[in-house]
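Next come the chains, spelled out residue by residue.
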Amino acid sequence: MQLETVLILEHRDYGAGYRLLKVAAPGIAPQVQPGQFVHVRVPRLNDAVLRRPFSVFQAQADTLSILYKTVGRGTAALAALAAGQTVGLIGPLGHGFPLDGPAERVPVLVAGGYGMAALYLVAQRLPRQGMVFVGGCSAQDILGIEDFTALGWPAHIATEDGTRGVRGLVTDVLDAWLGEGRQSRTPEFFACGPNGMLQAVGDRAQAGGWTAWLSVDRHMGCGVGACLTCVVKCKAPDGDWVWVRSCKEGPVFECRQIQWEEES
Amino acid sequence: MSLNSPDLSVNLGGVRMKNPVMVASGTFGYGPEYADLVDLNRLGALVVKGISLEPWRGNPPPRTVEVASGLINAIGLQNPGAEGFLRDYLPFLRQFDVPVIVNIWGRTVEEYAAVAERLSAADGLTALELNVSCPNVKEGRTAFGTNLPMFRRVLAAVRLKTRLPLIPKLAPDLSQIKAFAQAAEEEGADAISLINSIPALAIDIETRRPVLGNRTGGLSGPAIKPIALKLVWEAAQAVRIPIVGMGGIASAADAVEFIIAGASAVAIGTANFSEPTTALTVMDGLREYLIRHNLGTVKELVGALRC
Ligand SMILES: Cc1cc2nc3c(=O)[nH]c(=O)nc-3n(C[C@H](O)[C@H](O)[C@H](O)COP(=O)(O)OP(=O)(O)OC[C@H]3O[C@@H](n4cnc5c(N)ncnc54)[C@H](O)[C@@H]3O)c2cc1C
Ligand SMILES: Cc1cc2nc3c(=O)[nH]c(=O)nc-3n(C[C@H](O)[C@H](O)[C@H](O)COP(=O)(O)O)c2cc1C
Ligand code: FES
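Undergrad: Even after reading the chapter, I still don't get the environment of Arg245(A), so can you show me in this structure?
TA: By the element assignment, Arg245(A) lies in strand β15 (residues 241–245). The exposure class of Arg245(A) is buried, given its relative accessible area of 16%. Along the primary structure Arg245(A) and Val87(A) are separated by 158 residues, whereas in three dimensions their C-alpha atoms are 26 Å apart. Leaving out residues up to four positions away in the same chain, Arg245(A) has contacts with Gly225(A), Leu228(A), Cys230(A), Val231(A), Gly250(A), Phe253(A) and Glu33(B).

Undergrad: What is the right way to read the interface of chain A and chain B from this model?
TA: Size of an interface, as often reported, equals the accessible area lost when the parts are brought together. At the interface, 24 residues of chain A touch 31 residues of chain B. Taken together, both faces of the contact between chain A and chain B bury some 2400 Å²; the carbon and sulfur share is 57%. Where chain A meets chain B, there are five salt bridges. Note that Glu66(B) is salt-bridged to Arg73(A), the shortest N-O span being 2.8 Å. Put simply, the parts of the chain that give the side of chain A that touches chain B at least two residues each are β1 (2–15) and β15 of chain A. Examining the composition of the side of chain A that touches chain B, we find that three residues originate from one element, β15(A), more than from any other. The class makeup of the residues in the side of chain A that touches chain B is 14 nonpolar, three polar and seven charged.

Undergrad: I'm lost on the site of ligand 2 in this one. Help?
TA: All names here are of chain B. If you check the shell around ligand 2, you find 22 residues, and the closest are Ser25, Lys169, Gly221, Gly248 and Thr270. Contact between ligand 2 and Thr270: an oxygen atom at 2.6 Å from a side-chain N or O atom of the residue. For ligand 2, the protein covers 98% of the area, taking 610 Å² as the surface of the free molecule. For the shell around ligand 2, the class distribution of residues is six nonpolar, 14 polar and two charged.

Undergrad: So what exactly am I meant to see when it comes to the sheet that holds strand β6 (residues 63–69) of chain A here?
TA: The strands that make up a sheet are held in pairs by hydrogen bonds between backbone atoms, and each pair lies either parallel or antiparallel. All names here are of chain A. Reading across from one edge, β4-β3-β7-β1-β2-β6-β5 is the order of the seven strands in this open sheet, with antiparallel pairing throughout. Two strands lie at the open edges of the sheet, namely β4 (52–55) and β5 (58–60), each paired on one side alone. Strand-to-strand twist of the sheet, defined as the mean angle between neighbouring strand axes without regard to direction, takes the value 35 degrees. Examined bridge by bridge, β5 and β6 share three bridges and lie antiparallel to one another. Bridge pairing in β6 places Gln60 opposite Thr63. Against the sheet, helix α2 (residues 115–125) touches β4, β5 and β6, its axis set at about 45 degrees to β5.

Rules of the game
Residues numbered from 1 in each chain as written. Chains lettered and ligands numbered in written order. Predicted model: local features only at pLDDT ≥ 70, side-chain atom pairs only at ≥ 80, totals over all residues. Heavy atoms only, no water. Helix = DSSP H or I, 4+ residues; strand = E, 2+ residues; numbered from the N terminus. Buried < 20%, exposed > 50% of the residue type's maximum accessible area, 1.4 Å probe, protein only. Contact = heavy atoms within 4.5 Å. Buried area = accessible area lost by both parts, 1.4 Å probe. Salt bridge = Lys/Arg side-chain N within 4 Å of Asp/Glu carboxyl O. Nonpolar A, V, L, I, M, F, W, Y, C, P; charged D, E, K, R; others polar. Near = heavy atom within 4 Å. Polar contact = N/O pair within 3.5 Å; in protein donor to acceptor, adjacent residues only side chain to side chain. Areas by Shrake-Rupley, 256 points an atom, 1.4 Å probe, with all protein chains shown as cover. Pairing = 2+ DSSP bridges. Axes fitted to C-alpha atoms, helices over the stretch in contact; angles between N-to-C directions.

Next comes the structure, spelled out in structure tokens:
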């Protein structure tokens, strides 16, 4: 983990309403593990007291990039930056996706929203090939499919309005695939998206006796484990529950760790 | 000591500090969280997140919300309890040459006394800061920090159980600040700190619900700085014991204001979240200020308001 003032190399539209922000981060980039995030100090947002967290999309040598959508004042201010300007990062942060699962497992990535950004490095760095399932409201919400197909990973798409792929939820396509029963190997899930989707993936994994790594999205303060803003209700060893920091112990949790009741 | 390096050291009621800039309770964890980013040895003191006798879960999320120039928090004092702190964090903290001040709280006078006693028996802690902004559960949920007789009782009970410097942290109540500051001095406090966050509310207008899981919380950050300054100034006129000033400090200029108002030391809180090295830049800026104003020691600046 380190503080780094980084130079913006590239900043452009990436489709699906997202923008790609690529920076030179020689300190942080080589350390990034899939599923980790950076905490961004948005320049010229002077009355903001918090940074903004973003998953690392790609990290190669000394550069890293994030994919973000403008949803509020922080991301709007971020969108106004140009190549050649600098921005402050803390990173890499959090516990990401473990890539050391048994070789016989088939990696199954499930993404909604910016989930594809958080999952790209999993596909790129896993020594075994898997497949991705992506969901969204409409065709224009489906982000970054080409990046996965370029790695040779087949993609299954679902949109709620049927404008791309199968009409329905991503879990419908996933269920269809699981129901075909033709996968000879055990799936291992890696998911990032809305809570409902994460919970649905976790339910299927538990029912099948499989492993599911879920990346949760919680509002964050410090991003480093100091303020206890970002907590997730997790099961405790003694059968009770505890609040666990998603910025430190997470954002990736195995589905059996999370206690979803009264949550989301 | 050369003219170019003013003396930043302070003795805060028995807490010997290399410089007057510390980090505030609840905004810096227990030390390890920021240790990769900040050289803890350079801090004037490190005040850890509030500790109670037993572990405490805290409030349901959302626990914080960003507002204009501020943050409203309702963490609910989640902490691992005194034993958990001593086991999991004290060995780490002992590696550093920095005064460690433990912020403590309880739901009853007895709990305050017990946690103070337990921590005082440990080796490696420098002082206790008393958070009195939590509601008392026995006496009809009045806050210790807003009820003067209760405040005195808590302080007296803790005083009996510890020889460590005791620093009650006062609630930001302008009408009572002098009375509380004087009561603290009379009950044997070695210093006082102020201010804690200010009661506040944020509403989601779409759902018409409070944003925070706990409904209300405490406002901190630059938005509260002028209020905090006024309170520090009032308190400084009422007591002789030293004051730790805090509330919205983000720059050396902010810290200098607090010192001029009467604070012997300052604490950096919310600013750590956006810039973890704020305490270090404040320290450097303070040194430059003293040089620019031909002051050999920071003590000369304490309470130097001209009016
Ligand atoms: C671990 C993690 C990884 C993320 N990765 C990405 C990513 O790769 N791409 C992407 O587009 N977005 C990502 N997000 C969401 C992103 O942090 C928010 O969209 C962003 O903080 C919104 O800031 P704002 O000022 O524009 O929104 P505002 O609504 O104005 O922000 C107000 C406050 O709410 C917080 N906030 C608002 N929405 C979210 C949210 N969904 N999650 C967390 N905090 C939020 C902000 O940080 C800020 O403190 C991620 C969030 C987390 C926790
Ligand atoms: C997230 C958060 C947690 C806090 N936790 C505590 C606490 O446990 N005990 C305490 O006495 N004060 C706590 N505080 C209050 C701060 O120590 C400080 O008094 C207040 O935030 C004002 O300073 P600032 O504006 O620089 O943040 C907390 C503040 C924040 C923002
Ligand atoms: S965001 Fe501060 S502890 Fe996680």
